[in-house]
Amino acid sequence: MRYRVSLPEPDSHLFHVEATLARPGAAPELCFPVWTPGSYLIREFTRHLEGLEALDTEGHPLTITRLDKHRISVAAGNAAAVVLRYRVYANELTVRTCHLDGTHGYLNGAAVFPYAAGRLAEPCQLEVVPPAGWEVATALPGGPTSFTARDYDELADSPVEIGRHRLLRFEVGGKPHQLAIWGRAHLDEVALVEDVRRIVEVFERLFGGLPYDRYLFILHLTEKRRGGLEHARSTTLNLARTSFFPRDAYEETLAVVAHEFFHLWNVKRLRPAAFTPYDYTREQYTRLLWWFEGVTSYYDGLALVRAGITEPRRYLRRLGQALTALSRTPGAAKTSAEEASFLAWVKQYRPDENSVNSTVSYYLKGELIALALDLALRRAGGSLDVLLRTLVAHHADAGLPEDGVERAAAAVLGAEAARSFFDGFVRGVEPLELRLEQLGLRLRRRPAAGFDDKGGTPRAENGRPEAGWLGIDLASGPRLLVQSAREGSPAARAGLYADDEIVAEDGLRVVDRAALWDRLCQEGPGGKLRLTVFRRDELREIEVPLAPAPEDTVWIEPAADAPIPARAAFEAWCGGRWPEGSIRDASG
Ligand SMILES: [Zn+2]
């Protein structure tokens with residue numbers, strides 16, 4: 001199949017597409033994907049199509065019959081080729097959809113290009129006709145405007161950036177890497193290139209080489225972060241312009257870069273057998289997303305320490321924050337990591353106010369399972385690094401079977417220990433067992449010290465007594481909007497709902513979250529709040545008796561008396577120096 005994309009009027013947000021199918025047969029069936037790999041939600045890309053017509057090579061119209069929402073059949077007769085013409089409205093600025101305006105064009109193959117049923121394995125050609133002065137960046141071989149793909153999967157897996165992007169370059173292992181940047185930011189490009197290079201080197205060492213000829217990072221810098229999407233030879237990252245300063249924000253950004261890059265092994269080359277081959281017409285189910293997203297999340301932070309970008313203490317703070325988030329998720333006691341993986345299509349990509357009470361993120365739980373598994377493997381003389389290499393070596397072609405991780409772990413831990421680990425923490429909802437003392441570390445707990453206290457550090461001295469417990473999360477922004485009421489909390493028992501807006505307490509306006517927190521400290525456990533809330537447009541009063549706050553805020557500290565072997569194990573694990581002194585210094 002040959003595809004030609006032009007952008008005669010970028011401000012219209014319309015890509016003009018011509019797709020030519022040679023040797024069509026009498027009635028070829030053409031399919032438009034309903035989802036794009038890596039983003040587990042049915043997106044119905046055809047809703048953005050318009051003006052669909054089919055022609056033969058002489059330009060005579062051919063009759064199109066719609067088979068369903070995303071498939072058509074063309075009465076081709078004995079035409080030598082079928083030419084489909086249509087436009088795609090592209091005004092959705094995410095990494096998994098398409099965007100076109102007066103400054104650039106960005107397209108994902110699955111959102112734009114149909115394939116002929118039964119012919120996914122055939123090579124594809126792509127020609128882009130950019131406006132004058134615009135250039136094309138994609139991981140596909142070829143260029144500057146004509147490209148080839150081995151098959152439809154490679155085409156769908158190679159997003160295309162078209163515009164006046166800045167192009168930064170570096171090499172690792174003799175292989176060219178590029179960053180194509182659309183959008184403005186105050187950013188030190190030299191430092192960014194150097195840090196990304198160090199991240200690539202860490203993974204090159206971990207996996208013993210780079211399995212591509214060339215790699216492309218597409219960066220979209222906009223007003224807010226919209227995440228990243230992994231591909232085999234490229235990634236697209238949508239980052240906030242403000243995500244390069246201060247240091248914490250910058251390191252978080254580098255962690256996203258590391259995350260998407262790591263995926264080129266974990267979920268691209270090593271992918272679930274359930275996704276082999278990809279089926280673009282419907283949901284594909286696996287219980288392993290906790291592995292593919294959780295292990296990737298684990299390594300995106302660890303890689304920054306191994307690259308010398310993050311101090312080990314800052315990484316411990318991040319792990320403490322992840323443990324805090326998990327301990328504040330009542331849904332983690334109801335939904336296992338496997339179940340959350342399987343239901344990604346209806347849960348993970350459709351979060352709502354009940355998610356915290358009913359389910360758990362397979363990213364978050366998976367990251368902490370990865371840590372627990374790494375600790376267990378290290379006690380048995382192995383490591384997650386080695387397990388990963390083993391899985392990539394054995395399953396990169398046929399795909400990772402659903403029991404593949406457990407079997408590989410059993411080879412190191414023994415069958416019984418592996419079964420008990422997976423029964424408890426992966427298939428089950430038992431609290432994770434983290435034997436951090438083997439790394440000279442200690443897990444500590446305390447109550448939260450504010451609505452925005454994410455944990456990861458000891459409590460800062462603020463001169464306030466212990467707060468009474470309400471049990472709500474507030475949405476970000478200036479209004480005191482209840483985002484969720486945690487199941488079993490005083491707020492939930494008293495009938496405070498998600499989306500209630502707190503406007504007053506004891507008859508007086510509450511100006512901000514700090515003022516509300518002060519009232520919780522002033523009343524303390526055993527006290528009560530008399531809240532006035534807007535529920536939709538109706539004013540209500542709700543009295544909430546306050547309970548003692550749970551110790552749901554976690555941090556990890558180096559044990560002052562950690563023996564030398566534990567300190568050595570720590571350094572072997574994270575690649576950084578044993579942190580002297582208190583982790584408190586790492587905050588701020
Ligand atoms: Zn990911």
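Residues numbered from 1 in each chain as written. Predicted model: local features only at pLDDT ≥ 70, side-chain atom pairs only at ≥ 80, totals over all residues. Heavy atoms only, no water.

*Asks:* Please set out the overall build of the chain residue by residue, giving values where relevant.
*Replies:* Counting its regular elements, the chain contains 15 helices and 30 strands. Taking 588 residues into account, the globule formula puts the C-alpha radius of gyration at 25 Å, and the chain, at 26 Å, falls close to it. Seen along its three principal axes, the alpha-carbon backbone of the chain occupies a region of about 80 × 60 × 45 Å. Counting every position in the chain, which comprises 588 residues, the buried fraction comes to 56%. For the chain, the share of sequence-separated contacts (at least 6 apart) that also reach a separation of at least 24 residues comes to 69%. (Helix = DSSP H or I, 4+ residues; strand = E, 2+ residues; numbered from the N terminus. Rg over C-alpha atoms; globule rule 2.2 N^0.38 Å. Buried < 20%, exposed > 50% of the residue type's maximum accessible area, 1.4 Å probe, protein only. Contact = heavy atoms within 4.5 Å.)

*Asks:* Any chance you could break down the sheet that holds strand E18 (residues 215-222) for me, citing the residues and the numbers?
*Replies:* Across the sheet, five strands lie side by side as E16-E17-E18-E20-E19; this open sheet has mixed pairing. The two strands at the open ends of the sheet, each matched to only one other strand, are strand E16 (166-172) and strand E19 (227-230). For this sheet, the mean inter-axis angle between neighbouring strands, taken without regard to orientation, is 15°. Across seven bridges, the pairing between E18 and strand E20 (residues 234-240) is parallel. Opposite Thr-222, over in E20, you have Ala-240 as the bridge partner. Across the face of the sheet, helix H3 (residues 189-207) comes into contact with E16, strand E17 (175-182) and E18 while running at roughly 35° to E16. Together, E18, E19 and E20 form the strand contacts of helix H4 (residues 247-262), whose direction differs from that of E20 by roughly 160°. (Pairing = 2+ DSSP bridges. Axes fitted to C-alpha atoms, helices over the stretch in contact; angles between N-to-C directions.)

*Asks:* Pulling in residues and values, what's your account of the coordination of the zinc ion?
*Replies:* Looking at the metal site, the zinc ion is ligated by His-259 (NE2), His-263 (NE2) and Glu-293 (OE), spaced 2.0 to 2.1 Å from it. In primary-sequence terms, the residues that donate to the zinc ion follow H-x3-H-x29-E. With His-259 in helix H4 and Glu-293 in helix H5 (residues 289-306), this pair connects stretches of sequence that are 34 residues apart. Its relative accessible area of 8% is what places His-259 among the buried residues. Residue classification places Glu-293 among the buried positions, given a relative accessible area of 2%. (Donors = N, O, S within 2.8 Å, 3.2 Å for Na, K, Ca; no water.)

*Asks:* Give a detailed account of the environment of Leu-30, specifying residues and quantitative values.
*Replies:* Residue position: Leu-30 is located in strand E3 (residues 29-31). Residues Leu-30 and Pro-114, spaced 84 residues apart in sequence, show a C-alpha to C-alpha distance of 6.1 Å. Sequence-distant contacts of Leu-30, that is, excluding residues within four places in its chain, are made with Met-1, Leu-21, His-70, Arg-71, Ile-72, Val-74, Leu-84, Tyr-115 and Ala-116.

*Asks:* Quick rundown of the packing of aromatic side chains? Include the residues and the values.
*Replies:* Considering all chains together, one arrives at 38 aromatic pairs under this definition. The structure contains a cluster of three or more aromatic residues connected by ring pairs, namely Phe-203, Phe-207, Tyr-212, Tyr-215, Phe-217, Phe-261, Phe-262, Trp-265, Tyr-298 and Tyr-299. Here Lys-175 stacks its cationic end above the ring of Tyr-212, 6.0 Å away from the centre of that ring. The aromatic ring of Tyr-497 is capped on one face by Arg-535, whose charged end is 3.5 Å from the ring centroid. (Phe/Tyr/Trp six-rings, centres within 6.5 Å; stacked < 30°, edge-to-face > 60°. Lys NZ or Arg CZ within 6 Å of the ring centre and 35° of its normal.)

*Asks:* Please set out the nonpolar core residue by residue, giving values where relevant.
*Replies:* Counting residues in hydrophobic clusters, the biggest one holds 153 residues, and the most contacted among them are Phe-15, Phe-113, Phe-203, Trp-291 and Trp-573. When near neighbours in sequence (up to four residues on either side) are disregarded, Trp-573 contacts Tyr-298, Leu-302, Arg-306, Tyr-315, Leu-316, Leu-319, Leu-371, Asp-374, Arg-378, Leu-439 and Leu-441. (Core = buried A, V, L, I, M, F, W, Y, C linked by side-chain atoms within 4.5 Å.)

*Asks:* Can you lay out the sheet that holds strand E15 (residues 160-163) for me, pointing to particular residues and giving the numbers?
*Replies:* Judged by pairing direction, the sheet is antiparallel, and its four strands sit side by side in the order E9-E10-E15-E13 without closing on themselves. With one partner strand each, in any of the chains shown, strand E9 (99-101) and strand E13 (135-138) form the two edges of the open sheet. Neighbouring strand axes in the sheet, compared pairwise and without regard to direction, differ in orientation by 15° on average. The sheet contact formed by E13 and E15 spans four bridges and is antiparallel. What sits directly across from Ala-137, in E15, is Glu-161.

*Asks:* So what about the side chain of Arg-535? Which residues, and what values?
*Replies:* One can find Arg-535 in strand E27 (residues 528-535). The class for Arg-535 is buried, based on a relative accessible area of 8%. Reaching out from Arg-535, the side chain makes a polar contact with the backbone oxygen of Gly-495 at a distance of 2.9 Å. Here the side chain of Arg-535 touches Asp-500 through a polar contact of 2.8 Å, side chain to side chain. (Polar contact = N/O pair within 3.5 Å; in protein donor to acceptor, adjacent residues only side chain to side chain.)

*Asks:* Could you give me a rundown of the pairing of strand E28 (residues 538-545), with the residues and numbers involved?
*Replies:* Sheet topology places E27 next to E28; eight bridges connect them, and they run antiparallel. Opposite Arg-535, over in E28, you have Glu-538 as the bridge partner. Turn length for the E27-E28 hairpin, with the two strands adjacent in sequence and antiparallel, is two residues, and the turn residue Arg-536 shows positive phi of about 50°.

*Asks:* Tell me about the layout of surface pockets, residues and numbers included.
*Replies:* Roughly 450 Å³ of volume is contained in the second largest pocket. As for the second largest pocket, its lining consists of 25 residues, and the residues nearest its centre are Arg-150, Asp-157, Ala-232, Lys-268 and Arg-271. For the lining of the second largest pocket, the residue count by class is 10 nonpolar, five polar and 10 charged. (1 Å grid on protein atoms, 1.4 Å probe; cavity = no way out; pocket = protein on both sides within 12 Å on 5 of 7 lines; lining within 4 Å. Points joined across faces, edges and corners; volume = space filled by probe spheres on them. Nonpolar A, V, L, I, M, F, W, Y, C, P; charged D, E, K, R; others polar.)

*Asks:* Go over the packing of H3 against H4, please, and point to the residues and values.
*Replies:* It is the contact of H3 with H4, at a shortest axis distance of 10 Å, that shows an interaxial angle of 40°. In this view, H3 runs oblique relative to H4, as classed from their interaxial angle. The way H3 lies across H4 gives a crossing that is right-handed. Taken together, the residues of H4 that come into contact with H3 (itself represented by Ala-191, Leu-192, Asp-195, Val-196, Ile-199, Val-200, Phe-203, Leu-206 and Phe-207) are Tyr-250, Leu-254, Val-257, Ala-258, Phe-261 and Phe-262. The residue makeup of the contact of H3 with H4, split by class, is 14 nonpolar, no polar and one charged. (Parallel < 35°, antiparallel > 145°, perpendicular 65-115°, else oblique. Left-handed = near helix turned anticlockwise from the far one by under 90°.)

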